[in-house]
There are 2 protein chains.
Amino acid sequence: MNVSTAILERRAEKMFDPAFTIRDDQVGELLEKALLSPTAFNIQNWRIIRVKDAALRQKIREVAWNQDKVTDASLLLVLCADLNAWVKEPARYWSGAPQMYQDILIPAIDAYYRDKPQVQRDEAMRSCGLLAMSIMLLAQEQGWHSCPMDGFDFDAVGKLINLPDDHVISMMLAVGRRTQDSFPRTGKLPLNELCFEDTF
Amino acid sequence: MNVSTAILERRAEKMFDPAFTIRDDQVGELLEKALLSPTAFNIQNWRIIRVKDAALRQKIREVAWNQDKVTDASLLLVLCADLNAWVKEPARYWSGAPQMYQDILIPAIDAYYRDKPQVQRDEAMRSCGLLAMSIMLLAQEQGWHSCPMDGFDFDAVGKLINLPDDHVISMMLAVGRRTQDSFPRTGKLPLNELCFEDTF
């Protein structure tokens, strides 16, 4: 499926078929591709929790506005990020690169993030946004459907997945097969309210 | 070009051909598709500045580590977000939807963002991440190349583009035609460091 079609056909689906399954090898292949998405300085700050356990899914559903898709979608992914990825052996992000690049980039990583908690957090959200779009489009290419979610209690989900103190949740993704056609798109703002030339 | 190929072939390119041009209608078509990416509650909080003016490009380059691509790429896009999109006539985001959905969603938007500046900011970064990935993959489909950038002085670029007080910059994107082959990918972390089952 080409990129344009995947983008045009992707919708945030509401209801998923609980009987539809996606094999582990398919999940692995999809995530391996999606993780080729870019991160700043290649810090790969994203971390993905795939929630398989049915009881855990049910507990998450209870703190996620009781949305059916939390339990019914074939895959439930919690996209998280390590706020300290930048300081955890950053040399490994550039291993194999020419030495002159390593000499520039590794100190640049430290300078960019050290003592800047908001910059670290922004990077978490940005990286997971990039990753989420890749996962949704790859799912579409497989003939599956998806829904990005931030309608849940982030703290409660964090506790349920043992989120480390220096990690944050960015969003969840449901992936599977929808059980009903999407509604027509509504409320799209016109391009001239969203795009500007040179300045606001 | 299919989604997988676009993801596999996309790289953060360094050098762009300054003589390569992309027509306005091509830019419009690309952005129109990319803006079908999802935002939470359909708030469409993203705002895109396309920097065409050569003098302004040069000024941005001076506060962006003097990177060639800022002036050389066919397109320079500054991806921004309106932190207050949620409160600016939110009913329009669901116009045309069945009344029962409007009745639930419009108050839910207010409850989700009101008095929560970090939630508003997280949404800005997340939305722009989603949008950026779509733009880069659509560019790849056209046979173009791209580079996501956050290596610049955000405050200085904000001044140059007249960023409103209630907006933030998320990142910049260069789009055009590369002038050299990409380096091999380096430093990819193994899947088992990034993906976990059920809990950390």
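Let me begin by describing the structure that accompanies this report. Note that residues are indexed from 1 along each chain, following the sequence as it is written. Key to labels: chains lettered from A, ligands numbered from 1, both in the order written. With pLDDT at 70 or above as the cut-off, local features in this predicted model cover only qualifying residues; side-chain atom pairs require 80 or more to be listed or tallied, and sums for whole chains, interfaces and linings still use all residues.

## A look at the sheet that holds strand E4 (residues 167-176) of chain A
When DSSP locates at least two bridges between a pair of strands, those strands are taken to pair. Helix and strand assignments follow DSSP, with helices taken as H or I runs no shorter than four residues and strands as E runs no shorter than two, numbered in order from the N terminus. With mixed pairing, the 5 strands of this open sheet are ordered in space as E3(A)-E4(A)-E2(A)-E1(A)-E5(B). Strands with a single pairing partner mark the edges of an open sheet, and in this sheet they are strand E3 (145-149) of chain A together with strand E5 (195-197) of chain B. Going across the sheet, the axis of each strand differs from the next one's by a mean of 25°, ignoring polarity. As judged from the 5 bridges shared by strand E1 (residues 46-50) of chain A and strand E2 (residues 75-82) of chain A, these two strands associate in the antiparallel manner. Of the residues in E2(A), the one forming a bridge with Trp46(A) is Ala81(A). Geometry is summarised by axes, namely lines fitted to C-alpha atoms with helices restricted to the contacting stretch, and by angles between N-to-C directions that run from 0 to 180 degrees.

## Digging into the pairing of strand E2 (residues 75-82) of chain B
All names here are of chain B. Burial of E2 is extensive: 8 of the 8 residues sit out of reach of the surface. Residue alternation in E2 divides its side chains into two sets, Leu75, Leu77, Leu79 and Ala81 and Leu76, Val78, Cys80 and Asp82, and both sets are buried. As paired strands, E2 and strand E4 (residues 167-176) are joined by 8 bridges and run antiparallel to one another. By the bridge assignment, aspartate 82 is partnered in E4 with histidine 167. Exposure classification rests on a simple neighbour count of other C-beta atoms within 10 Å of a residue's own: a residue reaching 20 or more is buried, one at 12 or fewer is exposed, and one in between is partly exposed. C-beta atoms are placed from the backbone.

## Thoughts on the interface of chain A and chain B
Interface size is commonly expressed as the accessible area that is lost once the parts come together. Facing 67 residues of chain A, the contacting portion of chain B comprises 67 residues. Counting residues per element, the ones that place at least two in the side of chain A that touches chain B are helix H1 (3-9), helix H2 (24-34), E1, helix H6 (117-141), E4, helix H8 (191-194) and strand E5 (195-197) of chain A. For the side of chain A that touches chain B, the leading source of residues is H6(A), giving 13 residues. For E1(A) and E5(B), the ladder comprises 3 bridges, and the chain directions are parallel. Residue pairing across strands places Arg50(A) opposite Glu197(B), the latter belonging to E5(B). Working definition of a contact: two residues with C-beta atoms, positioned from the backbone, lying within 7 Å.

## Quick look at the sheet that holds strand E1 (residues 46-50) of chain B
A sheet is described by the order of its strands in space; here 5 strands give the open sequence E5(A)-E1(B)-E2(B)-E4(B)-E3(B), paired in mixed fashion. Looking at strand neighbours, the two that pair on one side only are E5 of chain A together with strand E3 (145-149) of chain B, the edges of this open sheet. In this sheet, adjacent strand axes meet at a mean angle of 25° when their direction is disregarded. Contacting E1, E2, E3 and E4 of chain B, helix H6 (residues 117-141) of chain B runs over the sheet at an angle of about 10° to E4(B).

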